[in-house]
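Commentary on secondary and tertiary structure
Each chain is listed here by its residues.
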Amino acid sequence: MIRNYLKIAFRNLWKNKTSSFINIFGLAIGLCSCMLIGSYILHELNYDDFERKGDRIARVIMEYKFGGGTEFKKGNFTSARVAPVFKQTFPEIESAVRMTKYSRVVQYKDKLIDEKSFMYADPSFFDIFSFKLLQGKSDDVLKAPNLVVLTETTAKKYFGNENAVGKVLKVGTDTTLYQVTGVIQDSPSNSQVKFDFLASWSSLGNADEEKTYWDANYTTYLLLKNKGSIAPLQAKITPFMQKEMAGSGATVNFDLEPFTSIHLYSPYDGFEPNNSITYVYILEGVALLILIIACFTYVNLNTARSMERAREVGVRKVIGADNKQLFWQFIGESVLLCTIATVLSILIAILLLPFFNDLTEKQLQATTFFSLPFIMGALILIVLVSLLAGTYPALVLSNFQPLKVLKGAFKNTGSGQWVRKSLIVFQFSISVVLIVSTFIMQKQLNYIQNRRLGYNRDHVLVLPMDAKMMNNLDLIKQEFKSNHNVISVSRCTNLPVNILSGYNMRSAVMSENQQIAVTANVVDEDFVSTIGLQIIAGTGLTKQDTKDVSFPDNNKNVYHFILNESAAKQLGWTPEQAIGKKMFLDASRPGYVKGVVRDFNFESLHNAIRPLVLFPEIRGRALLLKLKGDDLQQTISFLETKWKDLVPYRPFEYHFLDEDFNKLYSSELRLGKVLTIFASIAIALACLGLLGLSSYTAKQRIKEIGIRKVLGASIGSITALLSVDFVKLVFVSIIISSPIAWWIMNNWLRSYAYKTDFSWWVFLLAGGTAIIIALATISFQSIKAALSNPVKSLRSE
């Protein structure tokens, strides 16, 4: 019997090639979308799952405020003191590791590369993390200064097939010699700890920093003896730090984050940007909705074909088939169709995976689709979709009355119509929600790109800088500015799009224990003009201001500061009152306010503008070049030539400030692209379902159409007659979905301190788009029915 069912199923698929193709392809696209999204979600949920001790690892988060401050400043930073002191003090801690990552110039023979992922770590790194050493012993590879472990890919990049262990690399602008002591397996793509070089912590030579909880420039991880120790240990840390900081006028505490929850739940990035569990939930919802739409489309398309199979059902019932047999026959056809669609969806997913990887900036592997969990999931999906999508059409077909269908008087009306119409309303409600969400997300991203930030990031080229360049920086700036397309050159430690360095400040009338937490940035005299900050009181910095803080004896240094409006207000001054006032930046930097600039967004728009201090010192990590924008390629070629003459010890690598700005919103940009694509797919699938239902309705009303045409009805009036009911359904879906879309996107926008507004035209545009798409879909079938020959439809009467 099963063999017979399969034979009939294949015959029906082959007989109705067009409708079978639409059915299979529509379902395959829906399943493919779910598979791609599912593989991404699986990748994100399984972040760091290779870490065998992951459930016992905690990251240390520092929070602090000073006597004059009202809010804690918090982030993924600690001093070098935390790891050794905590390990010695708390018995719950088995091991601790300090880590930091820098950019380092690495040289070997003719290779000179500015490596962006050069990490330093304690020898205990291998006690905590599960990275596999391919060469070298974990106890020895990081035990002394100037030792480095390379990843497998990095070792091949520098040494080819030669044995890397024992080789010597020149590292940094001072060309310090580092000996390669081991080769480690490449970091998995779903690891929050990624690096190309892993150097010994002692190479930093920062032992003096272990005396203070300040100088918080590092990341600290703890390995606990028991995975349930985080809460009890946290309860001990707070009173311990109260004793440690007693009498200092500052409050410092440390929070513990479970390692396995950092990537999706922490607001503080690690060694790579975090994702958000909210975005995972959004994508899960999109995948589920696309699957539901695909199933509903299948239902509508199959129901539309019920008229064609009515006589077949009638004949089968006359010769003895009962409802149960017919039901399972049609379910079997559904299983066959879903199986074909699933296999096709896997093939499409494999073909689209490289594009999807580019879209999500991940390294998802096609082998995921052939893993046992994924295959089991696909089988369950086939069964579920077959039952969910196949049950209603099977019930409709198996319950036909043989007498009516064989007499040609069959007309399926009444109770089944509300089900089919409900499916269309549900499909288009989902589509409108996705359309509105896409519009609002794009509107917010456009707002981010076009908002006046208080500085000008256009045509600002960024070059790396190091201490060695300070010796001839004036010459470098002079040579660069000899090109008429270079307007100005400045140096700074943090780029203006994301200034993170934490300090404390106080005015001269405040006591030492009334410090206020503040963000600050080292700049030179050209910084304000290079990025276009607006001075609203006082003046900018000069070269002399930098010279005034260059004395070896700190007691002779006198600083001049530029505050933003928020910093002046925090100190109790108006911009005009602030000029000439004495203040302190940390205890070691006394000086006077020289200027006040208008507030500008120096962090992500997720955060409100906070107090900021700009001050001069003889150091910097980046050069900013303001260009005219004319002949960019020629200007860059000129800069490269000059660079090779003036800075021959490091490669010429540049980028534009816009790129750093966009990185702040990489998650939103990715989500916006993904949502746009899958919203389009959802709408296309909904239209397929609408096409099926309109086809079904046209067949049901074919005799009515014939009579109307005989009586003189025009093609336009018949098209309008068949379309109006479906337009009403789309209107209902717009009414249902609009408040849902508003609620979803309003919650999403709450994460931004600066955001776009909800405009009524967004809902009007989304609804209009849905109606136009629906009309285009319906019109195809309606015009086809209106053009049909009435003689053919009425000859049986």
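All of the points below concern the structure found in this document. Quick caveat: nothing in here was measured; it's all calculated off a predicted structure. (Residues numbered from 1 in each chain as written. Predicted model: local features only at pLDDT ≥ 70, side-chain atom pairs only at ≥ 80, totals over all residues. Heavy atoms only, no water.)

Things to note about the overall build of the protein chain
When helices and strands are counted, the protein chain shows 25 helices and 22 strands. For the protein chain, buried positions account for 53% of its 797 residues. Across the protein chain, every contact between residues at least 6 apart in sequence was considered, and the portion connecting residues at least 24 apart equals 79%. (Helix = DSSP H or I, 4+ residues; strand = E, 2+ residues; numbered from the N terminus. Buried < 20%, exposed > 50% of the residue type's maximum accessible area, 1.4 Å probe, protein only. Contact = heavy atoms within 4.5 Å.)

Considerations on the pairing of strand S7 (residues 168–171)
Of the two faces of S7, only one is covered, namely that formed by Leu169 and Val171; the face formed by Val168 and Lys170 stays uncovered. In terms of strand pairing, S7 meets strand S8 (residues 176–184) through four bridges, oriented antiparallel. Along S8, the bridge assignment pairs Val168 with Gln179. Adjacent in sequence and paired antiparallel, S7 and S8 are bridged by four residues, among which Gly172 carries a positive phi angle near 85 degrees. (Pairing = 2+ DSSP bridges.)

Here's the deal with helix H3 (residues 82–89)
The set of residues buried in H3 consists of Val82, Ala83, Val85 and Phe86. Structurally, H3 contributes buried residues whose contacts are with strand S1 (57–66), strand S3 (93–108), strand S10 (219–224), helix H6 (230–244) and strand S11 (250–258).

Structural notes on the side chain of Glu115
Examined against the element boundaries, Glu115 turns out to sit in strand S4 (residues 111–121). What makes Glu115 buried here is its relative accessible area of 4%. At 2.6 Å, the side chain of Glu115 forms a polar contact with the side chain of Tyr158. For Glu115, the contacting residues outside a window of four places in its chain are Tyr102, Ser103, Arg104, Val106, Lys157, Tyr158, Asp196 and Phe197. (Polar contact = N/O pair within 3.5 Å; in protein donor to acceptor, adjacent residues only side chain to side chain.)

So, the nonpolar core
In this structure, Leu27, Phe428, Tyr455 and Leu533 are the most contacted members of the largest nonpolar core, which totals 107 residues. Those residues in contact with Phe428, other than ones at most four positions away along the chain, are Ala686, Cys687, Leu690, Val730, Ser733, Ala770 and Ala774. (Core = buried A, V, L, I, M, F, W, Y, C linked by side-chain atoms within 4.5 Å.)

Some details on the packing of aromatic side chains
Inspection of every chain in the model, using the stated rule, returns 36 aromatic pairs. With a centroid separation of 4.9 Å and 75 degrees between ring planes, the pair formed by Trp201 and Tyr218 is classed as edge-to-face. With Trp201 in the loop between strand S9 (197–200) and S10 and Tyr218 in the loop between S9 and S10, the pair connects residues that are 17 residues apart, well separated along the chain. Residue Tyr218 is classed as buried on the basis of its relative accessible area, which comes to 5%. (Phe/Tyr/Trp six-rings, centres within 6.5 Å; stacked < 30°, edge-to-face > 60°.)

Section: the pattern of salt bridges
The final tally for this structure, using the stated rule, is 32 salt bridges. With its nearest N and O atoms 2.6 Å apart, the salt bridge here joins Glu92 to Lys236. Placement of Glu92 in the loop between H3 and S3 and of Lys236 in helix H6 is noted, with a sequence separation of 144 residues between them. The exposure class assigned to Glu92 is buried, which follows from its relative accessible area of 14%. Judged by relative accessible area, Lys236 falls into the partly exposed class, the value being 37%. (Salt bridge = Lys/Arg side-chain N within 4 Å of Asp/Glu carboxyl O.)

Quick notes on the side chain of Asp526
Tracing the sequence through the fold places Asp526 in the loop between strand S15 (516–523) and helix H15 (527–531). Taking relative accessible area as the criterion, Asp526 reaches 17% and is therefore assigned buried. In this structure the side chain of Asp526 is engaged in a polar contact, spanning 2.8 Å, whose partner is the side chain of Lys477.

Concerning the packing of helix H22 (residues 702–710) against helix H23 (residues 715–749)
Packing of H22 against H23 leaves a shortest axis separation of 10 Å and a crossing angle of 150 degrees. The angle between H22 and H23 places the two elements in the roughly antiparallel class. The way H22 lies across H23 gives a crossing that is right-handed. Listed contacts from H23 to Glu704, Ile705, Arg708 and Lys709 of H22 are Ile718, Leu721 and Leu722. Among the residues forming the contact of H22 with H23, the class breakdown is four nonpolar, no polar and three charged. (Axes fitted to C-alpha atoms, helices over the stretch in contact; angles between N-to-C directions. Parallel < 35°, antiparallel > 145°, perpendicular 65-115°, else oblique. Left-handed = near helix turned anticlockwise from the far one by under 90°. Nonpolar A, V, L, I, M, F, W, Y, C, P; charged D, E, K, R; others polar.)

Here's the deal with unusual backbone geometry
We note that Glu361 has phi near 60 degrees; this positive angle belongs to a residue other than glycine. Here Glu361 lies in the loop between helix H10 (323–360) and helix H11 (372–398). On the basis of relative accessibility, which here comes to 55%, the residue Glu361 falls in the exposed class. Phi at Asp631 is positive, roughly 50 degrees, even though this residue is not glycine. For Asp631, the location among the structural elements is in the loop between strand S21 (622–627) and helix H19 (632–646). With a relative accessible area of 49%, Asp631 lands in the partly exposed category.

Some thoughts on H6
Spanning 15 residues, H6 covers 20 Å between terminal C-alpha atoms, matching the ideal 21 Å at 1.5 Å per step. Looking at the buried side of H6, the elements it contacts are S1, H3, S3, S10 and S11. (Expected span 1.5 Å × (residues − 1).)

Details of the packing of H3 against H6
It is the contact of H3 with H6, at a shortest axis distance of 12 Å, that shows an interaxial angle of 115 degrees. As the angle between them shows, H3 and H6 are arranged roughly perpendicular. Between H3 and H6 lies a crossing whose hand is right-handed. Seen from H3, the contacting residues are Val85, Phe86 and Thr89; seen from H6, they are Ile237, Phe240 and Met241. Here the contact of H3 with H6 is composed, by residue class, of five nonpolar, one polar and no charged.

That is the geometry; function is a separate question.
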